[in-house]
Amino acid sequence: DLAEISLLVNRAWQIREMRREIGLLQHELSETYRLDRFITNDPAMRQLCLAVERIAQHNASVVIHGESGVGKELLAASLHYNSPRAARPFVKVNCGAIPEGLLESEFFGHEKGAFTGAVARRTGRFEHADGGTLFLDEGGELPLALQVELLRVIQDREFERVGGEKTLRVDVRLVGATNRNLEEMVAAGTFRQDL
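Residues numbered from 1 in each chain as written. Predicted model: local features only at pLDDT ≥ 70, side-chain atom pairs only at ≥ 80, totals over all residues. Heavy atoms only, no water.

### Topic: the packing of helix α2 (residues 43-56) against helix α3 (residues 72-81)
Now for step 1: Interaxial distance between α2 and α3 falls to 8 Å at its minimum, and their mutual angle equals 40°. Taken together, the axes of α2 and α3 are oblique relative to one another. Of the two elements, α2 crosses α3, and the hand of that crossing is right-handed. Contact residues: α2 offers Leu48, Val52, Ile55 and Ala56, while α3 offers Leu75, Ser78 and Leu79.
Now for step 2: Considering only residue class, the contact of α2 with α3 consists of six nonpolar, one polar and no charged. (Axes fitted to C-alpha atoms, helices over the stretch in contact; angles between N-to-C directions. Helix = DSSP H or I, 4+ residues; strand = E, 2+ residues; numbered from the N terminus. Parallel < 35°, antiparallel > 145°, perpendicular 65-115°, else oblique. Left-handed = near helix turned anticlockwise from the far one by under 90°. Contact = heavy atoms within 4.5 Å. Nonpolar A, V, L, I, M, F, W, Y, C, P; charged D, E, K, R; others polar.)

Quick look at the structure:
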């Protein structure tokens, strides 16, 4: 059937073009966050760029601490796009902007019927970031109950969707950022020391 063949050829051509465009966009992002593009004469900033370049090659979780507006998200993106994970997703979550009751579903997703309003299965940010980096902006705002679950994902690389029974495995690098003093929060009992 010539119409079906034509449709299949057009679909294959569109997929090829989309893959090419995705490759170009990934290259453009990598170029944007290249560390040699940071222009500075400040010795501390040069040291920071060298540290980011070194840390980017490893899979260790990273916490970036600094005042609001100093470029913590830019550093997180630089860590991702200068790492072996650069071709995989860089997923951002602003932990302070999501209501506490929705955080678990936002991170881990949920199954249909897990709670009122869960009319369909939803994948969470960990699944979206699989193979890449999950950036937790304002990670100091996370409630203690969710900190326990995050610790499990960091240690075991697995979780369950809300209302689900199947254990899902992910390969995600976590990068957190906060302007809060985590040592003071640990002493006050509002942030887990092991996390």
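Let's pick the thread back up.
### Points about the nonpolar core
Now for step 1: Counting 20 residues, the largest nonpolar core has Phe107, Phe126, Leu134 and Leu136 as the members making the most contacts within it.
Now for step 2: Those elements that provide at least two residues to this core are β2 (90-94), α4 (100-108), β3 (133-137) and α6 (144-156).
Now for step 3: What Phe126 contacts, discounting residues up to four positions off in sequence, is Phe107, Phe108, Leu134, Leu150, Val153, Phe159, Val170, Val172 and Leu174.
Now for step 4: Core analysis: the next-biggest nonpolar cluster, separate from the first, contains 16 residues, Tyr33, Leu35, Tyr81 and Ala86 among them. (Core = buried A, V, L, I, M, F, W, Y, C linked by side-chain atoms within 4.5 Å. Buried < 20%, exposed > 50% of the residue type's maximum accessible area, 1.4 Å probe, protein only.)

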